[in-house]
Amino acid sequence: MRLTKRLLPILMMTLAGNLLAFTPTAEQISQFQSMPKAQQEALARQYGVDLGALTGGAANTEAAPVQQAPVLEPVVSEAKPAPTVQAAADSGGLTQFGYDVFGNNSLGLTIVDNLPVPLDYQMGPGDVISVQTFGKNNQNLSLTIDRDGSINLPDIGPVAVAGQTFAQLRKQLNDVIKNKTIGVDVSVTMGAMRTMQVYIVGEAIQPGAYNVNGLTTITQALIASGGVKKSGSLRHIKLMRKGQVVSEFDLYDLLLKGDTSKDLRLSSGDTLFIPLRDNRITIEGQVTRPAVYEAKGDITLGQLLSLAGGAKPQAYLSRVSVRRAGANGLQLFNLDLATPAGRNFKLQNGDDVNLSAASSSLRNAVAVRGEVVRQGALNYKQGMKVSDAIGSIDDGLKLTADLNYALLVREINANQDVEIYQFSLLDALTNPGSAANLTLQEKDQIFVFDNGLAQGYWSGSYANSKAKSDGVVDHAREVLDAETGAVVTIEENATLKIADKEVESNASGLRKASREALLKPIIERLKAQASYGSPAKVIDVSGAVKFPGLYPLAKNTSVSSLLAAAGGLNQNAYLSSAELTRRTTEGDKSTIDRINFSLKDAISGKYPVALSAQDHLIVKSQPGWQEGMVVELQGEFVFPGTYTFKRGETLKDVIERAGGFTEFAYPSGAVFSRERLKRQEAERLKFLNAQLKQEISAMSLRRQGSTSVSDPAQAIAVVDQLDNVVPVGRLVVDLNYAVKGDKLANLMLEKGDKLFVPALNPVVSIVGEVQFSSNHTFNPNLTVEDYIASAGGTKRQADTDRIYIVKANGSVELPNNSFWFSRDYDPLEPGDTIIVPINTDYLDGLSTLSTATQILYQIGVAWSAIKN
């Protein structure tokens, strides 16, 4: 029969001598005895009881040694730990300080028989002493102090030892034995300690009589009793001996100071009395340890704050509130802890103290943000200027600080509305007497932006960069141009790998990111404070500036300073004319006005232009300005290379500048690539790819219901090629007519054009649905049919009715009558490619597949035929 959870702890703790207030019934003892022996022994070890006392001595037939009194060692419970004071405070309720020290300990006792005995331990009846003699006589004696306080030494007689300390007893026994017995040495150690009974009464969780050993202290006994009730006092625990109070224990001394000087050892018959607590004072808010405390006598506000661990840094000590409920109702006191009167204010039972947080607003300070060495708040002094807050350029600013653009944000009223001032850090720090060195006010905030400088490189990484480049040997290598098919020789490490002019540099990106991060909260604040009749003080800049966008309209903004905010003018800016768009509101009507002015005069100040909120400044670009106007000539030119051109120049112009063609050139096989056509081709490939995938999916569904539908594996292979193909952007040109000045053939050049003129290559290629795709030497006597036959003939899936020819210049010729296969007519030329397409009926009419394969053939022919 199993013991219930309710009966087992009572039974075991009773038998351990821990709670004599409870006596186990005969039924409970019978239930324990009916348990398996292993379980009985496990429970006996856990609770420190004599198993023989339960089983009537049947468990141990040997002579039982002297029973060691239980030492009160707390056993950590595996249950959920009690909440700490701070955790309870965070949950919205305050706990009573100190009571949770008992929360993590169970009521169980563990036998500990190997504790060292202190030398000042007072001996008494029931203690066991181990005496070992060696030398002339060898003996091991276990001697128990009897009720009259003496022990009986063999051959010597009784010796009174009760009341002595362990150190005194050891010395006395050494002296007595050595005097009575010659030629022996003596070793005296402590055996089992005596068991004594103490009482724990009052506001204990488990009051009653406890059997403990002689080392038990006040705190150990309290833990054994389960701790103190919330109604009990932690500061007036009384140790009573023979009806007299011998000591008063304050648990706060242990918890707050670690002082155990009054944690005395108990003696037999002692009583621990826990009285009711007679006061409670609460302190909460910005303190280290908010809780409900117990005062010991009169207590001041300063002393209570010390008990709570002191105030937090953000506590507002000049206004501490004390709420007191009494017979006269609720009273509220506001005290200043900075004064002696506030610190010495006497608290009463039930008082509730609250320390509120100080204001988080910036007071008696200014703040610096952004690219400065020391960000944060600075102490404000009357007459302080920007140069005082920043310092010098070298010591106060990072290398990445933008010296031409900085902002000062100032609060102007109780609503915390702000106004903006723009200034140049360079002027403010190098010329302190200039207008840029603004006089600061309390709560001003300075924003310093990023100039985009790569600080890691320019601050000392040159040696590393140089080391990486040392030992590199320049050499030439040949690469295939994917756009023209030309094999181009490149001098390795000879060309500077610098970003194209149109690609945003890292420096530009950093400056842009810095402006966005710092300006966003400012602009949002300006928009938030806007109202009817008072538009948000922001201004828009677009056009030929480095960072177009929305900027704060500063109090001192001019066209010149606004351009500085936008990062300055681009190199293509048009200074003769700019446009300012302004919204004008009259009553309920709004109109747009446009003001044209000379940007050059506005920047110089010759004709200043006033700026208003919501204006839009447009900086125009120079007419005809173009960047990257280059064309690349490859192959059989006298002077191949990259040439800059102006708008309106043609193929003929640039070919003449390159010295014309070499004697080996084959202009009819020229490949001309254009960036605009590449983009169009990429979009077309993407569309065809998606369309072909849809048709394949539909065919796969049909194939599941019919065995006659073809396997789409070949179509899927085409899809894979479309995914990987690189658009060429080839434009068919006739250079022979172009160099003669033909208006239709002589194309106008565009940025990024490439022209490749191959050497004469007398080859005709056959690709597509033939037995063996191959290249053959050009023979003017052979027809298309002859070349196909030389490639092994067509495959079964070939569409022989749609065979076509891609000419060397990229044009396509389709068969339109029977003379294509007549030996009397020869349409082929060197560099031509014969393409035998697949019959779409072979793949259940995938119409898109035909188009896709044609594009793939044409792209491949654009350069692969030439490189062969």
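Residues numbered from 1 in each chain as written. Predicted model: local features only at pLDDT ≥ 70, side-chain atom pairs only at ≥ 80, totals over all residues. Heavy atoms only, no water.

A. Summary view of the overall build of the chain. A tally of helices and strands in the chain yields 24 helices and 39 strands. Taking all 868 residues of the chain together, the buried fraction comes to 41%. Here the analysis covers contacts within the chain between residues at least 6 apart in sequence; of these, 64% occur between residues at least 24 apart. For the chain, the exposed area adds up to about 46,300 Å²; of that, 50% sits on carbon and sulfur atoms. (Helix = DSSP H or I, 4+ residues; strand = E, 2+ residues; numbered from the N terminus. Buried < 20%, exposed > 50% of the residue type's maximum accessible area, 1.4 Å probe, protein only. Contact = heavy atoms within 4.5 Å. Areas by Shrake-Rupley, 256 points an atom, 1.4 Å probe, with all protein chains shown as cover.)

B. Here's a closer look at the environment of Leu-276. Residue placement: Leu-276 occurs in the loop between β10 (271–274) and β11 (281–285). Taking relative accessible area as the criterion, Leu-276 reaches 56% and is therefore assigned exposed. Sequence separation between Leu-276 and Ile-237 is 39 residues; the distance between their C-alpha atoms is 9.7 Å. If sequence neighbours within four positions are ignored, Leu-276 has contacts with Glu-203, Ser-231, Gly-232 and Ser-233.

C. Expanded view of the sheet that holds strand β29 (residues 616–621). Spatial ordering of the open sheet is given by β26-β25-β29-β27-β28, a layout of five strands whose pairing is mixed. Of all the strands in the sheet, the pair left with one neighbour each is β26 (549–552) and β28 (589–597). The mean angle between the axes of side-by-side strands here comes to 20°, regardless of whether they run parallel or antiparallel. With nine bridges joining them, strand β27 (residues 573–586) and β28 adopt antiparallel strand pairing. Following the sheet pairing, Ala-578 is matched in β28 by Phe-597. (Pairing = 2+ DSSP bridges. Axes fitted to C-alpha atoms, helices over the stretch in contact; angles between N-to-C directions.)

D. Highlighting unusual backbone geometry. For Lys-242, which is not glycine, the phi dihedral falls at a positive 55°. Positionally, Lys-242 belongs in the loop between β8 (237–241) and β9 (244–249). Unlike most non-glycine residues, Lys-443 shows phi in positive territory, near 75°. Its location among the elements puts Lys-443 in the loop between α13 (425–430) and β22 (445–450).

E. Highlighting the pairing of strand β2 (residues 139–144). Across six bridges, strand β1 (residues 128–135) lies against β2 in antiparallel orientation. Each residue of the ladder has a partner; that of Ser-130, found in β2, is Ser-142.

F. The arrangement of the nonpolar core in detail. Residues Ile-283, Tyr-293, Leu-347 and Val-353 are the most contacted members of the largest nonpolar core, which totals 44 residues. Ignoring anything within four residues of it in the chain, the contact list for Val-353 reads Thr-282, Ile-283, Glu-284, Leu-301, Leu-304, Val-320, Ser-321, Val-322 and Leu-347. Ranked by size, the runner-up nonpolar core spans 37 residues in total, among them Leu-407, Val-418, Ala-544 and Leu-617. (Core = buried A, V, L, I, M, F, W, Y, C linked by side-chain atoms within 4.5 Å.)

G. Region of interest: a nonpolar patch on the surface. A contiguous nonpolar surface patch, about 220 Å² in accessible area, is contributed by Tyr-199, Val-201 and Phe-273. Relative to the helices and strands, Tyr-199 is located in strand β6 (residues 195–202). Residue class for Tyr-199 comes out partly exposed when judged on its relative accessible area of 35%. (Patch = residues over 30% accessible without salt bridge, like charges linked within 9 Å, V, L, I, M, F, W, Y side chains within 5 Å. Salt bridge = Lys/Arg side-chain N within 4 Å of Asp/Glu carboxyl O.)

H. View of helix α6 (residues 166–180). Over its 15 residues, α6 runs 21 Å from end to end, which matches the ideal 21 Å to within 8%, given 1.5 Å per residue. Restricting attention to buried positions, one finds in α6 the residues Phe-166, Leu-169, Leu-173, Asn-174 and Ile-177. Seen along its axis, α6 keeps its buried residues to an arc of 135°; they face one direction. Residues Lys-171 and Asn-179 are exposed on α6 and point more than 90 degrees away from its buried face. Residues of α6 that are buried make contact with β1, β3 (150–153), β4 (157–160) and β5 (184–190). (Expected span 1.5 Å × (residues − 1). Arc of directions from axis to C-beta.)

I. Geometry of the sheet that holds strand β30 (residues 630–635). With mixed pairing, the five strands of this open sheet are ordered in space as β31-β30-β34-β32-β33. Edge strands, defined here as strands with exactly one partner in the open sheet, are β31 (641–644) and β33 (730–731). Across four bridges, the pairing between β30 and strand β34 (residues 754–757) is parallel. Within β34, the position partnered with Glu-632 by the bridge is Lys-754.

J. Structural view of the packing of aromatic side chains. This structure, assessed with the given rule, holds five aromatic pairs. Measuring from centroid to centroid gives 5.2 Å for Phe-333 and Phe-345, while their planes differ by 50°, and the two rings are tilted. Of this pair, Phe-333 sits in strand β15 (residues 329–335) while Phe-345 sits in the loop between α10 (340–343) and β16 (346–347), and the two are 12 residues apart along the sequence. Of the residues examined, Phe-333 reaches a relative accessible area of 23% and is grouped as partly exposed. Since its relative accessible area comes to 17%, Phe-345 is described here as buried. (Phe/Tyr/Trp six-rings, centres within 6.5 Å; stacked < 30°, edge-to-face > 60°.)

K. Highlighting the pattern of salt bridges. Using the criterion set out here, one finds 19 salt bridges in the structure. Notably, a salt bridge pairs Arg-324 with Asp-351, separated by 2.8 Å at the nearest N-O pair. Of this pair, Arg-324 sits in strand β14 (residues 315–326) while Asp-351 sits in the loop between β16 and β17 (352–357); the two residues are 27 residues apart in sequence, bridging distant segments of the chain. By relative accessible area, which is 0% here, Asp-351 ends up buried. A salt bridge links Glu-750 to Arg-674, with the shortest nitrogen-to-oxygen separation between them at 3.5 Å. Of this pair, Glu-750 sits in the loop between α22 (735–738) and β34 while Arg-674 sits in the loop between β32 (671–673) and α20 (675–705), placing them 76 residues apart in sequence. Relative accessible area serves as the criterion here: at 26%, Glu-750 is assigned to the partly exposed category. For Arg-674, a relative accessible area of 6% puts it in the buried group. Three or more residues joined by partner-sharing salt bridges are found here, namely Arg-674, Arg-676, Glu-750 and Asp-753.

L. Region of the structure containing the environment of Asp-734. Residue position: Asp-734 is located in the loop between β33 and α22. With a relative accessible area of 30%, Asp-734 lands in the partly exposed category. Separated by 11 residues in sequence, Asp-734 and Ala-745 have C-alpha atoms that sit 6.0 Å apart. At a separation of 3.3 Å, a polar atom in the side chain of Asp-734 contacts the main-chain amide nitrogen of Asn-736. (Polar contact = N/O pair within 3.5 Å; in protein donor to acceptor, adjacent residues only side chain to side chain.)

These values are about where atoms sit, not about what they do.
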